[in-house]
Amino acid sequence: MMGSESAEAVERAFSKQSVVYDRDDARNIILRDLRRQVYEHVERFISPGSKILELNAGTGIDAMYFARAGHTVVATDVSNGMIAQIERKIALANLEQRITCRRVSYEHLDQITGTKFSYVFSNFGGLNCTPDLSRVTRHLPALLEPGGLLTWVIMPPICPWEILGILKGNGTKAFRRLKKNGTPSHLEGEYFITHYHTLRAMRLALGPSFRLLAHEGLAAVSPPPHHSEFAARHTRLYSILRKADKLVRNHFPFNRWADHIIVTFRYDP
Ligand SMILES: C[S@@+](CC[C@H](N)C(=O)[O-])C[C@H]1O[C@@H](n2cnc3c(N)ncnc32)[C@H](O)[C@@H]1O
């Protein structure tokens, strides 16, 4: 399992962040664009009325989106603060019939029993908090219907924008994702380890009963979300870089090297 100290720090960090999460998300123009790209990707594969299991659901931004699109969602997260935010939003939007939420770590998905899902979704690097994806994937055969789909949005070890930082004298960030035992992260005064996963690591963890359907880079050449001031200051350049993303994101190496990658597999047992 994830080291218990690191797991507790993750819980504390995201619980503290939960109260400002939606405000920060709404203000960040890059995040808005990237979320739209994730939805466009999922919409190529998802069937109407799908039963979605969402991992690391955060404040439920995506759960709300999918529920409003007619799907049902079981939204899970390890953070008490995030779960409280989802519960509040479900009640405000009267979406109790469409979304239920559970405080559970994706390393303990065996706590979810009695139902199978047609889609397992994880957005924006929640899975980068585990050092070993097989701690999550080992639960999937019990949770996914045959033919069910999985879309995960994960941070890979190579991000071209960070490597380009060398040119601007910011060499420390350039290869930080490649550290062997993970990269120390700092959020809301808490320290924990972030683990960057390759597409190959995902394939190995999922095993031969999962077939890769698609993968694309998210912010392959455009700036990652924490550079939202760059996007706001250089609107023309940012829009050119997003257009460049569109041209390269489905091709090697930018379908593997990016801030995040969006990966979809089908479960064919
Ligand atoms: C960057 S946020 C992304 C939230 C959401 N998916 C989104 O797109 O806004 C990462 C989330 O992963 C959750 N998380 C981290 N480790 C987890 C674990 N072991 N099990 C479940 N959720 C976890 C955090 O609590 C946090 O809500």
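In case you missed it, the structure is sitting above this.
Note that the structure is predicted; figures quoted are calculated from it, not measured.

*Asks:* I keep staring at the packing of helix α2 (residues 29-43) against helix α3 (residues 61-68) and nothing clicks. Help me out?
*Replies:* Packed helix pairs are characterised by how far apart their axes lie and by the angle those axes make with each other. As a packed pair, α2 and α3 sit with axes 12 Å apart at the nearest point and diverge in direction by 45°. Viewed along their axes, α2 and α3 adopt a mutual orientation that is oblique. Crossing angle aside, the handedness with which α2 passes α3 is right-handed. Mapping the contact onto sequence places Arg35, Tyr39, Val42 and Glu43 in α2 and Ile61, Asp62, Tyr65 and Phe66 in α3. Of the residues that constitute the contact of α2 with α3, the class distribution is five nonpolar, no polar and three charged.

*Asks:* What is the right way to read the sheet that holds strand β3 (residues 99-103) from this model?
*Replies:* In a beta sheet, neighbouring strands pair by backbone hydrogen bonds and run either parallel or antiparallel. Taken in spatial order, the seven strands of this open sheet run β3-β2-β1-β4-β5-β9-β8, and their pairing is mixed. Two strands lie at the open edges of the sheet, namely β3 and β8 (210-218), each paired on one side alone. The average angle at which neighbouring strand axes cross in this sheet is 15°, direction not considered. In the sheet, strand β5 (residues 144-154) pairs with strand β9 (residues 260-267) via six bridges, with the strands oriented antiparallel. Residue Trp152 lies in a different strand from β9, and its bridge partner there is Val263. Against the sheet, α3 makes contact with β1 (51-55), β2 (72-77), β3 and β4 (117-122), and its axis sits at roughly 175° relative to β2, the strand it touches most.

*Asks:* Sorry if this is basic, but what is going on with the pattern of salt bridges here?
*Replies:* Between side chains of opposite charge, a pair can form as their charged atoms come close. Applying the stated rule across the entire model yields 16 salt bridges. Among the salt bridges present, the one from Glu190 reaches Lys16, with a minimum N-O distance of 2.8 Å. Note that Glu190 is positioned in strand β7 (residues 190-194) and Lys16 in helix α1 (residues 4-27), a separation of 174 residues in sequence. The class of Lys16 is partly exposed, set by a relative accessible area of 38%.

*Asks:* How should I be thinking about the pairing of strand β6 (residues 183-187) in this particular structure?
*Replies:* Here is the key point about a regular strand: its side chains alternate between the two faces of the sheet. On β6, burial follows the alternation: Thr183, Ser185 and Leu187 on one face are buried, whereas Pro184 and His186 on the facing-out side are not. Relative to β7, β6 runs antiparallel, the two sharing five bridges. Bridged to Thr183 within β7 is Thr194. Here β6 hands over to β7 after two residues, with Glu188 in that stretch at a positive phi of 50°.

*Asks:* Sorry, what's going on with the site of the ligand here?
*Replies:* Near the ligand there are 20 residues, and of these Tyr21, Arg35, Asn56, Asp77 and Tyr106 occur at the shortest range. Arg35 has a polar side-chain atom sitting 2.9 Å from an oxygen atom of the ligand. Between the ligand and Asn56, the relevant distance is 2.8 Å, taken from a nitrogen atom to a main-chain nitrogen or oxygen of the residue. Burial of the ligand by the protein chains amounts to 95% of its free accessible area of 590 Å². A total of three residues in the shell around the ligand trace back to one element, the largest contributor, which is α1.

*Asks:* What should I look at first to understand the environment of Ala142 in this one?
*Replies:* Position of Ala142 relative to the elements: it lies in helix α6 (residues 140-143). Residue classification places Ala142 among the exposed residues on the basis of a relative accessible area of 55%. Separated by 88 residues in the primary sequence, Ala142 and Glu54 have C-alpha atoms spaced 15 Å apart. Not counting chain neighbours up to four residues away, the residues in contact with Ala142 comprise Thr115 and Lys116.

*Asks:* When you look at the side chain of Thr183 in this model, what are you seeing that I'm missing?
*Replies:* Structurally, the position occupied by Thr183 is in strand β6. In this structure, Thr183 is in contact with Arg176, Arg177, Phe192, Ile193, Thr194 and Tyr196, ignoring residues within four places of it in sequence.

*Asks:* What should I look at first to understand a nonpolar patch on the surface in this one?
*Replies:* A surface patch of nonpolar side chains, about 290 Å² in accessible area, is lined by Ile166, Phe175 and Leu178. By the element assignment, Leu178 lies in the loop between α8 (171-174) and β6. Overall, Leu178 belongs to the partly exposed group, its relative accessible area being 47%.

*Asks:* So what exactly am I meant to see when it comes to the layout of surface pockets here?
*Replies:* To find leftover empty space, one rolls a probe the size of a water molecule over the atoms. In this structure, the second largest pocket encloses a volume near 190 Å³. Along its surface, the second largest pocket is lined by Trp161, Glu162, Leu164, Gly165, Leu167, Lys168, Asn170, Lys173, His226 and His227. Considered class by class, the residues forming the lining of the second largest pocket number three nonpolar, four polar and three charged.

*Asks:* Is there a simple way to think about the pairing of β9 in this case?
*Replies:* Counting buried positions along β9 gives seven out of eight residues, so the element sits mostly inside the fold. Where β8 meets β9, eight bridges bridge the pair, whose relative direction is antiparallel. Bridge pairing in β9 places Arg211 opposite Arg266.

Parameters at a glance
Residues numbered from 1 in each chain as written. Predicted model: local features only at pLDDT ≥ 70, side-chain atom pairs only at ≥ 80, totals over all residues. Heavy atoms only, no water. Axes fitted to C-alpha atoms, helices over the stretch in contact; angles between N-to-C directions. Helix = DSSP H or I, 4+ residues; strand = E, 2+ residues; numbered from the N terminus. Parallel < 35°, antiparallel > 145°, perpendicular 65-115°, else oblique. Left-handed = near helix turned anticlockwise from the far one by under 90°. Contact = heavy atoms within 4.5 Å. Nonpolar A, V, L, I, M, F, W, Y, C, P; charged D, E, K, R; others polar. Pairing = 2+ DSSP bridges. Salt bridge = Lys/Arg side-chain N within 4 Å of Asp/Glu carboxyl O. Buried < 20%, exposed > 50% of the residue type's maximum accessible area, 1.4 Å probe, protein only. Near = heavy atom within 4 Å. Polar contact = N/O pair within 3.5 Å; in protein donor to acceptor, adjacent residues only side chain to side chain. Areas by Shrake-Rupley, 256 points an atom, 1.4 Å probe, with all protein chains shown as cover. Patch = residues over 30% accessible without salt bridge, like charges linked within 9 Å, V, L, I, M, F, W, Y side chains within 5 Å. 1 Å grid on protein atoms, 1.4 Å probe; cavity = no way out; pocket = protein on both sides within 12 Å on 5 of 7 lines; lining within 4 Å. Points joined across faces, edges and corners; volume = space filled by probe spheres on them.

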